[in-house]
Amino acid sequence: MDLEDLAARLGVPAEDVARVHRLAGDRPSAPLPAKSEAPALLDRLAVPPDDAAEIMAGWPDPGSPLWTPELLWLLDRSIALVRADLGGSVWLPPGPELPRDRGLAWRHLYVYAYLALIGPVRTYHRDHGVPDAVSWATLADLGRNLAVDRRMRGEGWPVMQSWLTLHVRGGLYELGRLQHHRGDGVIDLHIPESGPLTPEAVDASLDQARAFFPRCFPAERYTAFACGSWLLDPQLREYLPEDSNIVRFQQRFELEPYEQPEGLDPDVEALRFVFRSLTTPLDRLPRGTVLQRAIIDHLKAGGHWHWRRGRFPL
């Protein structure tokens, strides 16, 4: 297949298609689960009913008019690209960002890739002794992210499609309140939208990780927990009470010297996380919590949030 022609039909840059072709090569893909089994699987992955209905309606059935040859090629090669890095733990875009308003196959192509990778990563989990409860809790982040994307009217998924390849490669595990991301000597912490960030919940999650990683990945050595987030910005202490969950979470970390992250806007990330909107004017955003008021007031005053990284010993 001519890659430039394929890219033109997909409406994406030719270099993005060339990247998929290069990384996937002739590596094996993985089949989707049987369509008859998909509703139960989507439910187990916490996919909301509206999204589940769309996914089922757009299913890549043989001969489906929704699925053009270029879309089928991209689905197959994206699955192969991610599967080839099973066990990897770096961010990995599975393919180009698609014009999702063209239909269900375009909108959910990377969801179908995720579903096809459930089987391989579940085998990987079993091979490493990952408990079933941890495996499914981790993979159910799909539903959480689809709900965020729907709430954000499609503004969330371009970020999330790379994020979710961590889950289906065995690079990240949800252990209680926090998600734990395997790294180079450190376990990176991520904070899903799943309830209050209380010290007790954080302690319990950290304790789970201290037992989980030596048991499931005994060849890997970790010396610290780390986190990179605007939530670690010390400027938040100017707005939040000292006993707030966020401030107490910050106090665990020794911050690294500040560097402006390349390709990431902390103001945008704060709006994405707190309000799940990137287009609502500041004057129309809700002010129901101390954190919401802090984000708005700081930005309206001409300030900017900072992405800070810190760590503390394991």
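About the thresholds
- For every chain, the first residue of its written sequence is number 1, and the numbers climb from 1 along that sequence.
- Predicted model: local features are reported for residues with pLDDT of at least 70 only, side-chain atom pairs are reported and counted for 80 or more only, and whole-chain, interface and lining totals are derived from all residues.
- To obtain the side-chain values, all non-hydrogen atoms of the structure were used and water was disregarded.
- Runs of H or I in DSSP of at least four residues are treated as helices and runs of E of at least two as strands, each being numbered from the N terminus.
- Using C-alpha atoms as the atom set, the radius of gyration is obtained and then compared with a globule rule of 2.2 Å times the number of residues to the power 0.38.
- The cut-offs for exposure are 20% and 50% of the maximum accessible area for each residue type, with area from a 1.4 Å probe on protein chains only; residues under the lower value are buried, those over the upper are exposed, and the others partly exposed.
- It only takes one pair of heavy atoms within 4.5 Å for two residues to be counted as in contact.
- Only four residue types enter the tally: Lys and Arg on the positive side, Asp and Glu on the negative side, with His and both chain ends excluded.
- Charged side chains are reduced to one point each, which is NZ for Lys, CZ for Arg, CG for Asp and CD for Glu.
- Just to be clear on terms, a salt bridge is a Lys or Arg side-chain nitrogen sitting within 4 Å of an Asp or Glu carboxyl oxygen.
- The directions considered for the arc run from the helix axis to the C-beta atoms.
- Any pair of nitrogen or oxygen atoms within 3.5 Å is treated as a polar contact; in protein, a donor-acceptor pairing is required on top of that, and neighbouring residues in sequence qualify only through side-chain atoms on both sides.
- Note: two strands are recorded as paired if DSSP finds a minimum of 2 bridges between them.
- To get an axis, a line is fitted to the C-alpha atoms, and for a helix only the part in contact is used. The angle between two axes follows their N-to-C directions and goes from 0 to 180 degrees.
- The cut-offs work like this: below 35 degrees is roughly parallel, past 145 is roughly antiparallel, 65 to 115 is roughly perpendicular, and the gaps in between are oblique.
- Residues are grouped as follows: nonpolar covers Ala, Val, Leu, Ile, Met, Phe, Trp, Tyr, Cys and Pro; charged covers Asp, Glu, Lys and Arg; every other residue, Gly included, is treated as polar.

*Asks:* Is there a simple way to explain the overall build of the chain in this structure?
*Replies:* When you go through the chain residue by residue, the secondary structure sums to 14 helices and 6 strands. A globule of 314 residues ought to have a C-alpha radius of gyration of about 20 Å, and the chain, at 20 Å, matches this closely. Structurally, the chain occupies a C-alpha span of about 60 × 50 × 35 Å along its principal axes. Residues classed as buried in the chain amount to 51% of the 314 residues present. Nonlocal contacts in the chain, meaning residues at least 24 apart in sequence, comprise 71% of its contacts between residues at least 6 apart. The chain carries 35 positive and 43 negative side-chain charges, and their two centres are separated by 3 Å.

*Asks:* For this particular structure, what's the right way to read the pattern of salt bridges?
*Replies:* Two side chains carrying opposite charge are able to pair once their charged atoms lie near each other. Inspection of the entire model under this criterion finds 21 salt bridges. Two residues, Arg-182 and Glu-220, come together in a salt bridge whose shortest N-O distance is 2.5 Å. Of the two residues, Arg-182 is situated in strand S2 (residues 178–182) and Glu-220 in the loop between helix H11 (199–216) and strand S4 (224–229); the sequence distance between them amounts to 38 residues. For Arg-182, a relative accessible area of 8% corresponds to the buried category. Here Asp-207 ties to Arg-210 by a salt bridge, and the two come within 2.8 Å at their closest N and O atoms. With Asp-207 and Arg-210 both in helix H11 and 3 residues apart, this pair spans about one turn of that helix.

*Asks:* What is the right way to look at helix H1 (residues 3–10) in this model?
*Replies:* Three or more residues of H1 are buried, namely Leu-6, Ala-7 and Leu-10. Mapping the buried residues of H1 onto a view down its axis gives an arc of 100 degrees, with all of them on the same face. Opposite its buried face, H1 presents the exposed residues Glu-4 and Ala-8, each directed more than 90 degrees away. Where H1 is buried, its residues touch helix H2 (14–24), helix H5 (69–83) and helix H6 (104–107). Sitting at the head of H1, Asp-2 places a side-chain oxygen 3.1 Å from the backbone nitrogen of Glu-4. At the C-terminal side of H1, Gly-11 shows a positive phi close to 70 degrees.

*Asks:* What am I meant to see in the environment of Leu-164 here?
*Replies:* For Leu-164, the location among the structural elements is in the loop between helix H10 (157–163) and strand S1 (172–175). Residue classification places Leu-164 among the buried residues on the basis of a relative accessible area of 2%. Residues Leu-164 and Ala-46, 118 residues apart in the sequence, show an inter-C-alpha distance of 14 Å. Leave out the neighbours within four places in its chain, and Leu-164 touches Tyr-114, Asp-141, Leu-142, Asn-145 and Trp-157.

*Asks:* Where do I start with the sheet that holds S1 in this structure?
*Replies:* Two orientations exist for strands paired in a sheet by backbone hydrogen bonds: parallel and antiparallel. Reading across from one edge, S1-S2-S3-S4-S6-S5 is the order of the 6 strands in this open sheet, with mixed pairing throughout. Looking at the sheet topology across the chains shown, the edges are occupied by S1 and strand S5 (254–255). Sheet topology places S1 next to S2; 4 bridges connect them, and they run antiparallel. By the bridge assignment for S2, Leu-175 is matched with Leu-178.

*Asks:* Can you help me understand the pairing of strand S3 (residues 186–190) in this one?
*Replies:* Every other side chain in a regular strand lies on the same face of the sheet, so the side chains alternate between the two faces. Burial analysis of S3 places 4 of its 5 residues in the buried class, which makes it a mostly covered element. Where S2 meets S3, 4 bridges bridge the pair, whose relative direction is antiparallel. Looking across to S3, one finds that Arg-182 is bridged to Ile-187. Hairpin connection, S2 to S3: the antiparallel pair is bridged by 3 residues, and Gly-185 has positive phi, about 80 degrees. Of the pairings in the sheet, the one linking S3 to S4 comprises 3 bridges and is parallel in character. The residue of S4 that forms the bridge with Ile-187 is Phe-225.

*Asks:* Hey, could you run me through unusual backbone geometry in this one?
*Replies:* Only a minority of non-glycine residues have a phi that is not negative, and only a minority of peptide bonds are not trans. Even without being a glycine, Arg-153 presents a positive backbone phi close to 55 degrees. Mapping Arg-153 onto the fold places it in the loop between helix H9 (141–151) and H10. Of note, the phi angle at Arg-276 is positive, near 55 degrees, even though the residue is not glycine. Tracing the backbone shows Arg-276 in the loop between helix H13 (266–275) and helix H14 (290–300).

*Asks:* Even after reading the chapter, I still don't get the environment of Arg-309, so can you show me in this structure?
*Replies:* With respect to the helices and strands, Arg-309 occurs in strand S6 (residues 308–313). Judged by relative accessible area, which is 27%, Arg-309 ranks as partly exposed. Each C-alpha atom, one on Arg-309 and one on Leu-232, is 7.0 Å from the other, the two residues being 77 residues apart in sequence. Filtering out sequence-adjacent residues up to four positions away, Arg-309 remains in contact with Val-186, Asp-188, Ala-226, Cys-227, Gly-228, Leu-232, Glu-254, Leu-255 and Glu-256. In this structure the side chain of Arg-309 is engaged in a polar contact, spanning 2.6 Å, whose partner is the side chain of Asp-188.

*Asks:* Can you help me understand the packing of H1 against H5 in this one?
*Replies:* Pairs of packed helices are described in terms of their axes, by the angle between the two and the distance that separates them. Running from N to C, H1 and H5 point in directions that differ by 105 degrees, and their axes come no closer than 9 Å. The angle between the axes of H1 and H5 places the two elements in the roughly perpendicular class. Residues Leu-3, Leu-6, Arg-9 and Leu-10 of H1 lie in contact with H5, whose contacting residues are Glu-70, Leu-71, Trp-73 and Leu-74. Classifying every residue of the contact of H1 with H5 by side-chain character gives 6 nonpolar, no polar and 2 charged.

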